[in-house]
Amino acid sequence: MNRWHVMKRLLPLLTGLVLLLSACGREDLSTLNPQGPVAEKQLDLMKLSIGIMALVVVVVFAICIYVLIRFRRRAGDKTIPKQVEGNHTLEIIWTVIPLVLLVILGVPTINDVFGLAKDYSKDKNAVQVKVTAHQYWWEFEYTDLGITTAQELIVPTDKVISFELVSADVKHSFWIPSIGGKMDTNPGVTNRMFLEFPKEGVFRGKCAELCGTSHALMDFKAKAVSPESFARWVSAMKAPAVMPADAEIAEKFTSQCLSCHAVGENGGSGAPNLTGIGGRQTVGGILYNDEATAEQNLHDWITDPQKYKVGAAMPKALDNSLTPEEVASISKYLAEYKLDY
Amino acid sequence: MDWLTTVDHKKIGILYLIAGLFFFLIGGLEAILIRVQLMKPMNDVVSSDTFNELITMHGTTMIFLAAMPLLFALMNAVIPLQIGARDVAFPFLNSLGFWTFFFGGLLLNLSWFAGTVPDAGWTSYVPLAGPNYSSGHGVDYYVIGLQIAGIGTLLGGINFMATIINMRAPGLSFMRLPMFTWAIFITSALIVFAFPALTVGLVALMFDRLFQANFFEVGNGGSGVLWEHIFWVFGHPEVYILIVPAFGIISEVVSTFSRKRLFGYSSMVFATVLIAFLGFMVWAHHMFTTGLGPVANGLFSIATMLIAVPTGVKIFNWLFTLWGGSIKFTTANLFAIGFIPTFVMGGVTGVMLASAPADYQYHDTYFVVAHFHYVIVGGLIFGIFAGMHYWWPKMFGRMLNETIGKITFWTFFIGFHLTFFIQHFLGLLGMPRRVYTYLGGQGYDDMNLISTIGAFFMGIGTIAFLLNIFITWAKPRNAAADAWEDGRSLEWTIPSPPPEYNFKQVPLVRGYDAWWKEKMEGKTAMTPSEPVGSIHMPSPSILPLIMSIGLFIAGFGFMYDRLIIGGIGLAITLGCMVVRSLIDDHGFHIEPEDQDEGVKA
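Residues numbered from 1 in each chain as written. Chains lettered and ligands numbered in written order. Predicted model: local features only at pLDDT ≥ 70, side-chain atom pairs only at ≥ 80, totals over all residues. Heavy atoms only, no water.

Undergrad: How do you make sense of the side chain of H58 of chain B when you look at a structure like this?
TA: In this structure, H58 of chain B sits in helix α3 (residues 48-82). Aside from chain neighbours lying at most four places away, what touches H58 of chain B is G27, E30, A31, I34 and H373 of chain B. (Helix = DSSP H or I, 4+ residues; strand = E, 2+ residues; numbered from the N terminus. Contact = heavy atoms within 4.5 Å.)

Structure follows, in structure tokens:
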């Protein structure tokens, strides 16, 4: 009876704790502050399990504390307590109660396992995105639309996004915490998942699987925009590339940068696509353009990429035979290269 | 010299203890460096490469070179005594097991001096750990070091299975075994079934790395996911190899210091067996995000959750062992009691992780880091500390200082919760694990600082423990046979430390808690099951040491592509095996008139 009183007092506290948790952390990053139906579903399951488990913990703690206070040995106590062999009723009770709790958790688990595995890859209404994970950057190819971008995934708010996840090198894991749980990219295997982004905004994405030196810095952004805006972005991406105005710089940019990178239809595919890079939230996923200007960040990055991301494949400006003036001009050009959408 | 050739289980136990503590300190130092690096955002105490090396070596060292050897130390020191045996079934193999573990661990840690340290995580997922993405010798040290150390573990597992099956004193039936012996029996079975999987995986990875095989090379038809399966088919039972002995220790300590027999003994045994069995069925819960599909994820979710049931049975049985008891708060018991709520917290987060769709969020975040440290540190390390304080007088004949012991407990306990509780929230707020740094302003900064402060407390606790050992060393060996006065099993019937032959006369066991039963009937000694007679002992041997050095040399030879050196190393080992086979050694006898003088560890 006594114990139930304790429980009655603790339950509201626990409920409060769960509510507190669910408003916790950055909107664009925290799993506890979901911004899409997938993450919401997952948070519901998390709350259910936290609730059940908090109950278990409270019961165990209560018994534990009671026992420790009630049955401590007084000094000089030589009495021998009754040697109890066990109690079948009690043992059956604490076998059955956990089973019941597990059923309560197990049913929605199975439900969601299948619900979240729904395949939208043939759905004409879904946006098909092929995600390729590279050491240490992300490539996003819109297979139906024929466009490719990197580091900043642009999605419309009104559609399901169906992802095809592959890796170009080692194992990575694609994760946008506030939108939905992660899925690994395995070399040689294609994984699928879907996400929805009902709210406009920029959400932080991370690589969750140790993938080498700069695993910690393999961030990306997912930017959800209105359907109209998305349509404008698609046509801007398809428009002819804007090249540097200065012919000399354009020539240098083509020979030194576009051997790996691409803008619009020009260039290669070995490195992040730069189309509209000036409008992105970050350079390299980690240099935020609201902390320093995009031009400054690009300048820093081009001068010495390894200083910001050890193990990045891009050569330093010096090794790429770019003079400081050329670096400055190219940074300026890229910073000004924004898409209107 | 005596220590290099010994085949006595008690001395081998002490060797395991020293080596295990040594590696525990190395692993702990690595942990402190990790926490210092993560103390604040964009810190640069260590580089990203060094950080990845630190996390890899911290995990590998703690699991294979600290936790397991410390468990082997306790099982060597205690099991033969608890079952009334004079030694383990295969004393020579026991010694070989220690030396292969030691040289395997040494080889692994020499990588710090070679400058190429394993850095692909303790799980060594390929292709990151494959020849293309880890081109130095780092991962070779991991593969070969663990392979050699693994031989020792497997030998230990076989040895203790054979010992517990065959060498129990008369009357000691399986359902009268002390719970710690049961736990070690089940652990040994787990080792025997799980370690071969690791061996196979390591051999395949070694072939990929040294001889350009393609087991895991996707480009040539291999599969990286295959490595994950092999690794976790070993790796999940490994978790139970670690925690089941701790269950055993807790059962002994809680029961002794509450002066009560273990509540629900048979359900404890059954629960442990069930946990071990289910432990083999759930490896894929480490791979919910690998993309195995909903059917696999669903099945492994439910199977994993089921483990909570027998674990819960154990927890409540411990609580009801304490219930109505006369509880004495020694350091050993503090650790055991601290274990119960802490392990429950680790256990419930385990059930949370088992729910696959929620795990899509938790997986590879600090939530997981918090969870498994609650289980492995809050469960296993608390268990080991409880066991070391509990059996120290039996092993060394000296009582550890209780005041320092309590300082150890409180600093370690508070530091532990400070370090790891908060990491649950870091994970939920979106911090991935294995990151060498993080950007500021993401809401991680304060929690990481608190976590680092906690780690320092744990460090202080460990130092206090070492201090305790040194202070105790200076004291006389005056521990009583039944050092805690409330001992229940056979190890408390013989002097502390026990004589070389353990039992002058093998005792007759007349019931569960054999020694307690005799005491309650007013007896002061066990009834012997045999007359005093000549005791047959195995001879000491230097061969296990030389064989292990041979493997150690061979490891280096193969790693650095000097096949001749590799061959010489293998020849040394094989040569020792030939010598061992050809020379008949019948051991020696201790005659009754010499039996009274030989009281030594």
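There is more to say after this.
Undergrad: Just checking my understanding: could you explain the pairing of strand β2 (residues 137-142) of chain A for this structure?
TA: On any regular strand, side chains alternate: one points to one face of the sheet, the next to the other face. All names here are of chain A. Within β2, five of the six residues are buried, leaving the element largely enclosed by the surrounding structure. In this structure, strand β1 (residues 127-134) lies alongside β2, joined through six bridges in antiparallel fashion. Of the residues in β2, the one forming a bridge with K130 is E141. Hairpin connection between β1 and β2: a loop of two residues separates the two successive antiparallel strands. Across four bridges, β2 lies against strand β3 (residues 147-150) in antiparallel orientation. Pairing of E141 across the sheet is with T148, part of β3. The hairpin formed by β2 and β3 contains four residues between the paired strands, and G146 there has a positive phi angle of roughly 70°. (Buried < 20%, exposed > 50% of the residue type's maximum accessible area, 1.4 Å probe, protein only. Pairing = 2+ DSSP bridges.)

Undergrad: Hey, could you run me through the environment of I79 of chain B in this one?
TA: Residues and elements named next belong to chain B. By secondary structure assignment, the location of I79 is in helix α3. In this structure I79 comes out as buried when scored by relative accessible area, which is 0%. Along the chain, I79 and T163 lie 84 residues apart, while their C-alpha atoms are 8.7 Å from each other. When residues no more than four places from it in sequence are discounted, the contact partners of I79 are L74, F160, I164, F180, T181 and I184.

Undergrad: Where do I start with the packing of aromatic side chains in this structure?
TA: Both the distance between ring centres and the angle between the ring planes are used here to describe each pair of aromatic rings. According to the stated counting rule, one finds 83 aromatic pairs over all chains in the structure shown. Ring geometry for Y142 of chain A against F230 of chain A: centres 6.2 Å apart, planes inclined by 45°, an arrangement best described as tilted. Of this pair, Y142 of chain A sits in strand β2 while F230 of chain A sits in helix α4 (residues 227-238); the two residues are 88 residues apart in sequence, bridging distant segments of the chain. Looking at Y142 of chain A, the relative accessible area reads 0%, which means it is buried. Measuring from centroid to centroid gives 6.0 Å for F98 of chain B and F102 of chain B, while their planes differ by 20°, and the two rings are stacked. (Phe/Tyr/Trp six-rings, centres within 6.5 Å; stacked < 30°, edge-to-face > 60°.)

Function cannot be inferred from these measures alone, as they are strictly geometric.
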